[in-house]
Amino acid sequence: MSQKNQTLGEFIIENQASFKYTTGELSRLINSIRLAAKVVNHEVNKAGLVDIIGKVGETNIQGEDQQKLDVYANNKFIQTLINRNIVCGIASEEEDNFVSINSQDENHQNKYVVLIDPLDGSSNIDVNVSVGTIFSVYRRITPVGTPVQIEDFLQEGNKQVAAGYVIYGTSTMLVYTTGYGVNGFTLNPAIGTFYLSHPNMKYSEDGTIYSINEGNYIHFPQGIKNYIKYCQMEEGDRPYTSRYIGSLVSDFHRNMIKGGIYIYPQTSQNPNGKLRLLYECNPMAFLAEQAGGKASNGFQRIMDIQPTQLHQRVPFICGSKNMVEKAEEFMRNA
Ligand code: AHM
Ligand code: MG
């Protein structure tokens, strides 16, 4: 039985048998993510002290400026996973193409691919706002021992075997699921150990927080505009309160704990919204559903969307079940 004060390492060993596939490989993979998270955490926490923040001068595939810590986190996670010989492929929001690992080695038996957003919300770093790492794990569908292919990464979210995030906040937490609920672990920085602090995390069915960048209001679809007005109306437990950090992991984390909805809709300028299906929306959708919540593009379950491109974007509505269903109703009826 999981219990508070258990370390993440103990929890992984104890729950290994309840993973869908019991080779221990997935446990080793989560362990590697834990390790990389600690290293990145150390660096993120130093950001205010040393002259590390600022743009590196590169532009990623989405046309955004990369900041130094993005690059650092990207390299750390990729290197840790490669060095520990645990996965057969990695796709990252910061890389144009996926990385194939040991593709020349016929004895290479690793079954899992990892998709990662190494440092989400990184435009917030220089103002000391929490950022996060988001990860998603699938079993490859092409034969083991052969080089990974694009189709190993373009799987529906409902095929994920694990997903989670690290939040570098007032404290650093690792929150993940392997399809048996969501558990949150808090890092004790003094000794570098994650402890189970939030066992079996659950969204309340109803919530009172709505999170959306209202600065884009005039560009939103009518259904979202109507839903925002509904949130602001005085009736029952409404008006809801508005909270928007602009850092997905932080907004999601707060809403999961307090009850709420996060929306990044399509806009007239960006018909698919901003967030990436594979690196951001699918892992968050898996966590949300495992916590009793819901994730939708307004009309369809996020995890049932067949991806067609690595860096594909999708409108995203995620959170407490009844709130998401209400927003979908507004979308349908607009
Ligand atoms: P990023 O991957 O470039 O960091 O962008 C994703 C971030 C999310 O963390 C956040 O929810 C969203 O962008 C905020 O966007 P906006 O500033 O348009 O509201
Ligand atoms: Mg991101």
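For the structure itself, consult the block above.
Thresholds, definitions, all that
- Residues numbered from 1 in each chain as written.
- Chains lettered and ligands numbered in written order.
- Predicted model: local features only at pLDDT ≥ 70, side-chain atom pairs only at ≥ 80, totals over all residues.
- Heavy atoms only, no water.
- Helix = DSSP H or I, 4+ residues; strand = E, 2+ residues; numbered from the N terminus.
- Buried < 20%, exposed > 50% of the residue type's maximum accessible area, 1.4 Å probe, protein only.
- Contact = heavy atoms within 4.5 Å.
- Areas by Shrake-Rupley, 256 points an atom, 1.4 Å probe, with all protein chains shown as cover.
- Near = heavy atom within 4 Å.
- Polar contact = N/O pair within 3.5 Å; in protein donor to acceptor, adjacent residues only side chain to side chain.
- Nonpolar A, V, L, I, M, F, W, Y, C, P; charged D, E, K, R; others polar.
- Domains from an automatic or database assignment.
- Donors = N, O, S within 2.8 Å, 3.2 Å for Na, K, Ca; no water.
- Axes fitted to C-alpha atoms, helices over the stretch in contact; angles between N-to-C directions.
- Parallel < 35°, antiparallel > 145°, perpendicular 65-115°, else oblique.
- Left-handed = near helix turned anticlockwise from the far one by under 90°.
- Core = buried A, V, L, I, M, F, W, Y, C linked by side-chain atoms within 4.5 Å.
- Pairing = 2+ DSSP bridges.
- Phe/Tyr/Trp six-rings, centres within 6.5 Å; stacked < 30°, edge-to-face > 60°.

Draft legend 1. Representation of the overall build of the chain. The number of helices and strands found in the chain is eight helices and 15 strands. With 334 residues in all, the chain has 54% of them scored as buried. When contacts within the chain are restricted to residue pairs at least 6 apart in sequence, those whose partners lie at least 24 apart make up 66%. Total accessible area computed for the chain in this model is approximately 14,000 Å², and 46% of it derives from carbon and sulfur atoms.

Draft legend 2. Representation of the site of ligand 1. Around ligand 1, a shell composed of 17 residues is seen, among which Asp120, Tyr244, Leu248, Tyr262 and Tyr264 lie nearest. The side chain of tyrosine 244 places a nitrogen or oxygen atom 2.5 Å from an oxygen atom of ligand 1. Within the side chain of arginine 276, a nitrogen or oxygen atom sits 3.5 Å from an oxygen atom of ligand 1. Within the complex, the protein chains bury 83% of what would otherwise be the 470 Å² of accessible surface of ligand 1. Residues belonging to the shell around ligand 1 are distributed by class as follows: five nonpolar, five polar and seven charged. Both of domain 1 (8-198) and domain 2 (209-333) provide at least three residues apiece to the shell around ligand 1.

Draft legend 3. Here's a closer look at unusual backbone geometry. For the peptide bond that leads from arginine 238 to proline 239, omega is 5 degrees, which places it in the cis range. Backbone geometry at asparagine 85 places phi at a positive 50 degrees, although glycine is not the residue there. Here asparagine 85 lies in the loop between helix 3 (68-83) and strand 3 (89-92). The phi torsion at asparagine 200 lies on the positive side, around 50 degrees, for a residue other than glycine. Considering the arrangement of structural elements, one finds asparagine 200 in the loop between strand 10 (193-198) and strand 11 (209-211).

Draft legend 4. Main features of the coordination of the magnesium ion (ligand 2). Bound to the magnesium ion (ligand 2) on the protein side are Glu93 (OE), Asp117 (OD), Asp120 (OD) and Glu280 (OE), at distances that span 1.9 to 2.6 Å. Each donor residue of the magnesium ion (ligand 2) lies on one chain, and together they are spaced E-x23-D-x2-D-x159-E. Of the two residues, glutamate 93 is situated in the loop between strand 3 and strand 4 (99-100) and aspartate 120 in strand 5 (residues 112-120); the sequence distance between them amounts to 27 residues.

Draft legend 5. View of the packing of helix 2 (residues 25-45) against helix 3. It is the contact of helix 2 with helix 3, at a shortest axis distance of 9 Å, that shows an interaxial angle of 155 degrees. In this view, helix 2 runs roughly antiparallel relative to helix 3, as classed from their interaxial angle. Here helix 2 runs over helix 3; the crossing is right-handed. Taken together, the residues of helix 3 that come into contact with helix 2 (itself represented by Ser32, Ile33, Leu35, Ala36, Ala37, Val39, Val40, Glu43 and Val44) are Leu69, Tyr72, Ala73, Lys76, Phe77, Thr80 and Leu81. A breakdown of the residues in the contact of helix 2 with helix 3 according to their chemical character gives 12 nonpolar, two polar and two charged.

Draft legend 6. Examining the nonpolar core more closely. Counting 39 residues, the largest nonpolar core has Leu29, Phe77, Val87, Leu119, Val137, Tyr168 and Tyr176 as its most contacted members. Per-element accounting of this core gives the leading share, eight residues, to helix 2. Every residue in contact with leucine 119, bar those within four places of it in the chain, is listed here: Val40, Val44, Leu69, Asp70, Ala73, Ile125, Val131, Gly132, Thr133 and Tyr168. Residues Phe252, Ala285, Leu287 and Val314 belong to the second largest nonpolar core, which totals 31 residues.

Draft legend 7. Quick look at the environment of histidine 253. One can find histidine 253 in helix 6 (residues 248-258). Judged by relative accessible area, histidine 253 falls into the buried class, the value being 10%. Put simply, histidine 253 and alanine 288 are 35 residues apart on the chain and 9.9 Å apart in space, counted from C-alpha to C-alpha. Contact partners of histidine 253, with chain neighbours within four places excluded, come to Tyr165, Ile167, Met173, Val175 and Met201.

Draft legend 8. Up close: the pairing of strand 9 (residues 182-188). Of all seven residues in strand 9, six are buried, a share of seventy percent or more. Across five bridges, the pairing between strand 8 (residues 172-177) and strand 9 is antiparallel. When the bridges of strand 9 are listed, leucine 174 appears paired with phenylalanine 185.

Draft legend 9. Representation of the sheet that holds strand 3 within the structure. Taken in spatial order, the eight strands of this open sheet run 4-3-5-6-7-8-9-10, and their pairing is mixed. With partners counted over all chains shown, the strands left at the sheet margins are strand 4 and strand 10, one partner each. Sheet topology note: the strand 6 (residues 131-139)/strand 7 (residues 162-168) ladder contains seven bridges and is antiparallel. Note on strand 7: the bridge partner recorded for phenylalanine 135 is glycine 164. Helix-sheet contacts for helix 1 (residues 8-15) involve strand 8, strand 9 and strand 10, and the interaxial angle to strand 8 is about 10 degrees. Here helix 3 sits on the sheet and contacts strand 3, strand 4, strand 5, strand 6 and strand 7; the angle it forms with strand 5, its principal contact strand, is near 160 degrees.

Draft legend 10. Region of the structure containing the packing of aromatic side chains. Here the structure, examined in full by the defined rule, presents 12 aromatic pairs. Ring centres of tyrosine 227 and tyrosine 230 lie 5.8 Å apart, and the angle between their planes is 25 degrees; on these two criteria the pair is classed as stacked. On the criterion of helical spacing, the pair formed by tyrosine 227 and tyrosine 230 is a turn pair, its members being three residues apart in helix 5 (residues 222-232). Summarising the burial analysis for this pair, tyrosine 227 and tyrosine 230 share the class buried. Each ring, one from tyrosine 230 and one from phenylalanine 330, has its centre 5.2 Å from the other, and the planes form 50 degrees; the classification is tilted. Placement of the pair is tyrosine 230 in helix 5 and phenylalanine 330 in helix 8 (residues 321-333), with a sequence separation of 100 residues.

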